[in-house]
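# Summary of structural features
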Amino acid sequence: MYFVSFYNTIMKISFIGCTIYIIYLMRFKKPYCLSYDPLADDFPYVKYLLPGALIATIFVHTETKAFEIIWSYTIWLEAGAIIPQLRMLTKIKDVENITGNYVAALGLYRFFYICLLYTSDAADDLLCVDLGGRRIIKKKKI
């Protein structure tokens, strides 16, 4: 791991802290935990999401360093995390507008984040042209 900036570090710590707090609210804090139905939450994520993210990481990653591989795995896992939410919404069949809009925005965010992740590093290199995620090396003129 490496230090990028103070701002980046504070934002990551805040994000992790907020995520832990949200999980605490959903699992233990009343009245929020009362709406969780463990019987309806039956998506086999260990069977589908974890291996799917691993396969995506094996075939699509930026570098072969251990940290980069782990980071890529977490990005793919986050992108696939919307699948259980979509399955739950299809089981309910009566979705409020705000919930549907939120899930759609979340899915688009994750899709565009993956696109940005695998296309942005070619923009930093003057010898590369980025065509839809494929990096094509330009020949140097002598």
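Now for a quick tour of the structure. (Residues numbered from 1 in each chain as written. Predicted model: local features only at pLDDT ≥ 70, side-chain atom pairs only at ≥ 80, totals over all residues. Heavy atoms only, no water.)

Right, let's get into the overall build of the protein. When you go through the protein residue by residue, the secondary structure sums to 5 helices and 2 strands. Seen in sequence order, the protein has helices and strands lined up from the N terminus as α-α-α-α-α-β-β. Counting the 142 residues in the protein, one finds 15% classified as buried. The contacts of the protein with a sequence gap of at least 6 include a subset with a gap of at least 24, amounting to 46%. (Helix = DSSP H or I, 4+ residues; strand = E, 2+ residues; numbered from the N terminus. Buried < 20%, exposed > 50% of the residue type's maximum accessible area, 1.4 Å probe, protein only. Contact = heavy atoms within 4.5 Å.)

This paragraph deals with helix H3 (residues 66-80). Compared with an ideal rise of 1.5 Å per residue, which puts 15 residues at 21 Å, H3 spans 21 Å between its outermost C-alpha atoms and is within 8% of the ideal. Buried within H3 we find Glu 68, Ser 72, Ile 75 and Gly 80. Along the axis of H3, the buried residues cluster in a sector spanning 135°; they form a single face. Those residues of H3 that are exposed and aimed more than 90 degrees away from the buried face are Ala 66 and Ile 70. (Expected span 1.5 Å × (residues − 1). Arc of directions from axis to C-beta.)

So, about the packing of aromatic side chains. Across all of its chains, the model carries 3 aromatic pairs by this definition. Look at Phe 43 and Tyr 48: their rings are 6.2 Å apart centre to centre, the planes differ by 45°, and that puts the pair in the tilted class. An aromatic cluster is built from Tyr 21, Tyr 24 and Phe 28, whose rings are joined through pairwise contacts. (Phe/Tyr/Trp six-rings, centres within 6.5 Å; stacked < 30°, edge-to-face > 60°.)

Moving on, we get to the pattern of salt bridges. A pair can form between side chains of opposite charge whenever their charged atoms are brought close. This structure, assessed with the given rule, holds 2 salt bridges. A salt bridge links Asp 42 to Arg 87, with the shortest nitrogen-to-oxygen separation between them at 3.1 Å. Placement of the pair is Asp 42 in the loop between helix H1 (6-27) and helix H2 (45-59) and Arg 87 in helix H4 (residues 82-92), with a sequence separation of 45 residues. The exposure class of Asp 42 is partly exposed, given its relative accessible area of 42%. (Salt bridge = Lys/Arg side-chain N within 4 Å of Asp/Glu carboxyl O.)

Once that is clear, we can look at unusual backbone geometry. In this structure, Pro 31 follows Lys 30 across a cis peptide bond, with omega equal to 10°. Relative to the elements of secondary structure, Pro 31 occurs in the loop between H1 and H2.

With that settled, consider the packing of H3 against H4. In the contact formed by H3 and H4, the axes pass within 5 Å of each other and the chain directions differ by 10°. Relative to H4, the element H3 is oriented roughly parallel. Between H3, through Glu 78, Ala 79 and Gly 80, and H4, the contact on the second element is made entirely by Ile 82, Ile 83 and Pro 84. Considered class by class, the residues forming the contact of H3 with H4 number 4 nonpolar, 1 polar and 1 charged. (Axes fitted to C-alpha atoms, helices over the stretch in contact; angles between N-to-C directions. Parallel < 35°, antiparallel > 145°, perpendicular 65-115°, else oblique. Nonpolar A, V, L, I, M, F, W, Y, C, P; charged D, E, K, R; others polar.)

Read these as spatial facts, not as claims about activity.
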